[in-house]
Amino acid sequence: MNLNNDFSKNVFINCPFDDQYIPLLKSILFTIIYLGFTPRIALERFDSGEARINKIIDLIKASKFSIHDLSRIKASKKSEYFRLNMSFELGVDIGCRIFKDGQAKDKKCLILEKERYRYQKALSDLSNSDIKNHNNEPEEVIRQIRDWFVVNELERADSGTIIWDSFNKFMADFYLKREEEGFREKDIQRMPIPEFIGFINEWIIERKNS
Amino acid sequence: MAKISSKRKGNKRVHIISRKAGWAIKKEDKTRASKIYNNKNSAISSARKLKKKGHDVIVHKKDGSIQKWEKSKKQK
C-alpha cells in the first residue's frame, strides 16, 4: 500500500471495525481519497508482533486530521460491553495536539456519533463540543466529512450528493471488476481494507485521466 | 494492479441510488438524478424501461453496495 508521509494530507480514522460498521467505513475511506487526502487506519498493516497502541500512536502523530466515530459508545444488546477504544484514542489524539509542540498544534479532528447529544451521557467532558451525527447512514457520513474538510481546509469541493453518487458508481465498478475476476459475493464484502483502499486510489486516478 | 475498468463498463448504465427523500434514478453520464421516487420498487420499475434502450440497471442498497445488477441484452 502506498502511504503518504505528508502530515498535512494524512487523516487518522478511529472507528469500530465490526461487520455492521464496514459499510460506513467504506464510505469514509472513499470520501477522504476523493477529496485528495490519505486515510490512515490501524487496519492498514498486519503485524501480529506490533503492539496495537504503538501503531495507533504512530498514526496519530503522522496525521494532521482525524475522524473519531463514537457511535459504538453504547452496547447494542444486553450483556454486551460498550467499546472504550474509540474514546481512548480520541483522548490520545487531543492530548497529542495539546502537549506536543510543532506541527501537532495544527491538528484538527471531526467527532462523529450516531445520534445527536447521546455521547454527553457517556462522555460529558465533550459537552459543548461540535459533534456531528450520521444516523448510521453512509450518505450522511459523506456529507459531514465533506463539509468538515471544506470548513477546515479546502474552502470548495464537490457537493455531498456528487460524492455520494460517485461512491455508488465506484461500488458498481468495483463489484463488476471483482465479479469478472471470479470473486464471490462474500469475498467482495470481506476484502481487506488495504486492498479496498488500493481500488479506490486506482479508480480516482482513472477518473481523473478519463 | 490491473485496471479497474472492465469490458462491460462501456455499456450504458442507470443506477438506483438512495437519497434522503427516497430513491433516485440516475443515468451514469448525467450529473443530476432524473427523478426521485418515494418507493424503491417504483424506481426499479421505471428504470427497467431503459433496459430496452441498452442500459444495465444497477440497484444499490442503502449503503451504496450492489443489491442487483440487471444486465441489458444489448452489448455495446
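That block above? That's the structure.
Residues numbered from 1 in each chain as written. Chains lettered and ligands numbered in written order. Predicted model: local features only at pLDDT ≥ 70, side-chain atom pairs only at ≥ 80, totals over all residues.

1. Digging into the overall build of chain A
Now for step 1: A count of helices and strands for chain A gives seven helices and five strands.
Now for step 2: Written out in order from the N terminus, the α and β elements of chain A read β-α-β-α-β-α-β-β-α-α-α-α.
Now for step 3: The C-alpha radius of gyration computed for chain A amounts to 17 Å, which stays within 12% of the reference 17 Å derived for 210 residues, consistent with globular compactness.
Now for step 4: For chain A, the spread of C-alpha atoms along the principal axes amounts to about 50 × 45 × 40 Å.
Now for step 5: Within chain A, buried positions represent 35% of all 210 residues.
Now for step 6: In chain A, 66% of the contacts between residues at least 6 apart in sequence involve partners at least 24 apart. (Helix = DSSP H or I, 4+ residues; strand = E, 2+ residues; numbered from the N terminus. Rg over C-alpha atoms; globule rule 2.2 N^0.38 Å. Buried ≥ 20, exposed ≤ 12 C-beta atoms within 10 Å, placed from the backbone. Contact = placed C-beta atoms within 7 Å.)

2. Observations concerning the packing of helix α4 (residues 138-154) of chain A against helix α5 (residues 160-180) of chain A
Residues and elements named next belong to chain A.
Now for step 1: Contact geometry for α4 and α5: axes closest at 9 Å, N-to-C directions at 130 degrees. It follows from the interaxial angle that α4 and α5 lie oblique. The element α4 and its partner α5 pack so that their crossing is right-handed. Listed contacts from α5 to Glu139, Ile142, Arg143 and Arg146 of α4 are Gly160, Ile163, Trp164 and Phe167.
Now for step 2: Residue classes in the contact of α4 with α5 are distributed as four nonpolar, one polar and three charged. (Axes fitted to C-alpha atoms, helices over the stretch in contact; angles between N-to-C directions. Parallel < 35°, antiparallel > 145°, perpendicular 65-115°, else oblique. Left-handed = near helix turned anticlockwise from the far one by under 90°. Nonpolar A, V, L, I, M, F, W, Y, C, P; charged D, E, K, R; others polar.)

3. Some remarks on the sheet that holds strand β1 (residues 10-14) of chain A
Residues and elements named next belong to chain A.
Now for step 1: Strand order in the open sheet formed by five strands is β2-β1-β3-β4-β5, with parallel pairing between adjacent strands. Because the sheet does not close on itself, it has two edges, and the strands there are β2 (38-40) and β5 (132-133).
Now for step 2: The pairing of strand β3 (residues 65-69) with strand β4 (residues 108-113) spans five bridges and is parallel. When the bridges of β4 are listed, Ser66 appears paired with Cys109.
Now for step 3: The strands touched by helix α1 (residues 22-34) within the sheet are β1, β2 and β3, with β2 carrying the most contacts at an inclination of about 140 degrees.
Now for step 4: Of the strands in this sheet, β1, β2 and β3 are in contact with helix α2 (residues 52-62), which crosses β1 at around 140 degrees. (Pairing = 2+ DSSP bridges.)

4. Focus: the interface of chain B and chain A
Interface extent is often summarised as the accessible area lost during association of the parts.
Now for step 1: Across the contact, 19 residues belong to chain B and 20 residues belong to chain A.
Now for step 2: Going through the elements one at a time, β1 (12-19) and β4 (55-60) of chain B are the ones with two or more residues in the side of chain B that touches chain A.
Now for step 3: In terms of residues, the side of chain B that touches chain A owes the most to one element, β1 of chain B, which gives three residues.
Now for step 4: Among the residues forming the side of chain B that touches chain A, the class breakdown is five nonpolar, seven polar and seven charged.

5. Re the nonpolar core
All names here are of chain A.
Now for step 1: Counting 51 residues, the largest nonpolar core has Ile28 and Ile145 as the members making the most contacts within it.
Now for step 2: Residue contributions to this core peak at eight residues, all from α5.
Now for step 3: Every residue in contact with Ile28, bar those within four places of it in the chain, is listed here: Ile13, Ile67, Val141 and Ile145. (Core = buried A, V, L, I, M, F, W, Y, C linked by C-beta atoms within 7 Å.)

6. Describing the sheet that holds strand β3 (residues 35-37) of chain B
Strand pairing in a sheet takes place through backbone hydrogen bonds and is either antiparallel or parallel in direction.
Residues and elements named next belong to chain B.
Now for step 1: Read from one edge to the other, the open sheet built from five strands follows the order β3-β2-β1-β4-β5, with strand pairing classed as mixed. Whereas interior strands pair on both sides, the edge strands pair on one side only; in this sheet they are β3 and β5 (66-70). Each adjacent strand pair in this sheet contributes to an overall mean axis angle of 20 degrees, direction not counted.

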